[in-house]
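One-letter residues, chain by chain:
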Amino acid sequence: RASRCRVRLRCNRRHGVLWLFLDVQDDGIGLTGGLRSGNGLRSMRDRITALDGRLHFGGPPGMRVHALVRQG
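Here's a quick rundown of the structure. (Residues numbered from 1 in each chain as written. Predicted model: local features only at pLDDT ≥ 70, side-chain atom pairs only at ≥ 80, totals over all residues. Heavy atoms only, no water.)

1. Comments concerning the environment of aspartate 27
By the element assignment, aspartate 27 lies in the loop between β2 (17-26) and α1 (40-50). Given a relative accessible area of 38%, aspartate 27 falls into the partly exposed group. Those residues in contact with aspartate 27, other than ones at most four positions away along the chain, are Ala2, Ser3, Arg4 and Gly62. Within the local environment of aspartate 27, its side chain forms a polar contact with the backbone nitrogen of arginine 4, the two atoms lying 2.9 Å apart. (Helix = DSSP H or I, 4+ residues; strand = E, 2+ residues; numbered from the N terminus. Buried < 20%, exposed > 50% of the residue type's maximum accessible area, 1.4 Å probe, protein only. Contact = heavy atoms within 4.5 Å. Polar contact = N/O pair within 3.5 Å; in protein donor to acceptor, adjacent residues only side chain to side chain.)

If you want it as structure tokens, here you go:
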């Protein structure tokens, strides 16, 4: 039910390490049912965790997902 969505992708090098930051935010109704088994958000969390990264969900208002992944 979102009418707007903002996506930001940033790459930063700190202390010789490349970090990727992804932030997605919309103005919809947010997470109404939580993270259930089979949910695409749970799969995203599993993939980011496998890369030794972090994934966070936020809201309301709307929904916000941001991920931080270390490369190399």
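Okay, back to it.
2. Quick look at the sheet that holds strand β4 (residues 63-71)
As summarised here, the arrangement of the four strands in space is β1-β2-β4-β3, forming an open sheet in which the pairing is antiparallel. The open sheet is flanked by β1 (5-14) and β3 (54-58), the only strands paired with a single partner. Shown here is a sheet whose adjacent strand axes are inclined to one another by a mean of 10°, direction ignored. Here β3 pairs with β4 via five bridges, running antiparallel. Note that in β4 the partner of glycine 58 across the bridge is arginine 64. Together, β3 and β4 form the strand contacts of α1, whose direction differs from that of β3 by roughly 150°. (Pairing = 2+ DSSP bridges. Axes fitted to C-alpha atoms, helices over the stretch in contact; angles between N-to-C directions.)

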